[in-house]
Structures are given as structure tokens and as C-alpha cells.
Amino acid sequence: MIHAATVIAAEPVFTVENIGVLTALILAVAGAIATIIGALSKAKLDDKAELEKDLTKARDALAEAEAQHARDIARYEARVAELEDRLDARDRTINKLDRLVLALRGYIARLSRHIVDRGDEVPPRPVEIDL
């Protein structure tokens, strides 16, 4: 058995119509890819703009918080200085009163001795003196 070989001539694949269709397909795919990339870029730019806006708001809030903190510190430092001045004034008053109490006790002791030396009786000591 001998087979007859039939040769079928294939049509060329790269015809003008096929190249046109292939070019249109490549352009369509490239356009779709460009659209997707553009949309992603726009979304990234929108996200970046929103993040920058949020960052600006956060920086403004931080600056306001720092300013408020500085005002609070100044107010508290003024209050501490005022309280220290009052405390110093009270210390001076207490020291003065302590010296006065010591001087008066010495004076009372001398008066009591003078009364006893004259032969009189010293009046009883008030309870408030021993406080």
C-alpha cells in the first residue's frame, strides 16, 4: 500500500487582515492595561492626598495641643510660685511667733519668780499655755 502524499499548502498566517486584527488586539490590551494603571495611579494619588490632608490635620492638632500644654505649664508654674511665696510668708510668720513665744515664756518665768520672791502666790497656769 502506497499512500499518496497530498501536500496541502497552508495559508500564510501573517496576512494584512490578520496583522490588522493582531494590531487592534494589541492596542486594545495595551489600552486596557493603561486604563487599569491610570485608575490605580489615580487611586494612589487620591489616597496620598487624603493621607496628606489627615497628616496636616494631625500636625495642626499636635501644634494646638503643644500650645495648650505650654499654657498649662505656665499657669501651673505661676501657681507654684505664688504658693511658694505664701509658704515663705507663713514660715516667716511662724518663726516670728516662735521667737515671741520663747520671749514671752522667759518673761512669764521672770515675773513668776519676781512674784514668788515678794512672797505672793503665782496664779495657776492656764491650760491653753501648754498647747
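This structure is a prediction, so every number in the text was calculated from the model and none was measured. (Residues numbered from 1 in each chain as written. Predicted model: local features only at pLDDT ≥ 70, side-chain atom pairs only at ≥ 80, totals over all residues. Heavy atoms only, no water.)

A. Quick look at the overall build of the protein chain. Helices and strands together make up the secondary structure of the protein chain, namely one helix and zero strands. Looking at the 131 residues of the protein chain, the share that counts as buried comes to 0%. Summed over all atoms, the accessible surface of the protein chain reaches about 12,400 Å², with 65% contributed by carbon and sulfur. (Helix = DSSP H or I, 4+ residues; strand = E, 2+ residues; numbered from the N terminus. Buried < 20%, exposed > 50% of the residue type's maximum accessible area, 1.4 Å probe, protein only. Areas by Shrake-Rupley, 256 points an atom, 1.4 Å probe, with all protein chains shown as cover.)

B. Quick look at the layout of surface pockets. Each pocket or cavity is described by its volume, and for the largest pocket that value is around 220 Å³. Taken together, Arg105, Ile108, Ala109, Leu111, Ser112, Ile115, Val122, Pro123, Pro124, Arg125, Pro126 and Ile129 make up the lining of the largest pocket. Residue classes in the lining of the largest pocket are distributed as nine nonpolar, one polar and two charged. (1 Å grid on protein atoms, 1.4 Å probe; cavity = no way out; pocket = protein on both sides within 12 Å on 5 of 7 lines; lining within 4 Å. Points joined across faces, edges and corners; volume = space filled by probe spheres on them. Nonpolar A, V, L, I, M, F, W, Y, C, P; charged D, E, K, R; others polar.)

C. Quick peek at a nonpolar patch on the surface. A contiguous nonpolar surface patch, about 550 Å² in accessible area, is contributed by Leu22, Leu25, Ile26, Val29, Ile33 and Ile37. One can find Ile37 in helix α1 (residues 16-117). (Patch = residues over 30% accessible without salt bridge, like charges linked within 9 Å, V, L, I, M, F, W, Y side chains within 5 Å. Salt bridge = Lys/Arg side-chain N within 4 Å of Asp/Glu carboxyl O.)

D. Region of the structure containing the pattern of salt bridges. This model, assessed by the stated rule, comprises three salt bridges. Taking the shortest distance from any N to any O, the salt bridge between Arg75 and Asp72 comes out at 3.1 Å. Here the residue Arg75 and the residue Asp72 both occupy positions in helix α1, the gap between them amounting to three residues, near one helical turn. For Arg75, a relative accessible area of 48% puts it in the partly exposed group. Here Arg79 and Glu82 are joined by a salt bridge, their closest N and O atoms 3.4 Å apart. Here Glu82 and Arg79 lie together in helix α1, a separation of three residues that amounts to about one turn.

E. Structural detail: a negative patch on the surface. A cluster of acidic side chains, namely Glu84, Asp85, Asp88 and Asp91, defines a negative patch on the protein surface. One can find Asp85 in helix α1. (Lys, Arg positive; Asp, Glu negative; His and termini not counted. Charge placed at Lys NZ, Arg CZ, Asp CG, Glu CD.)

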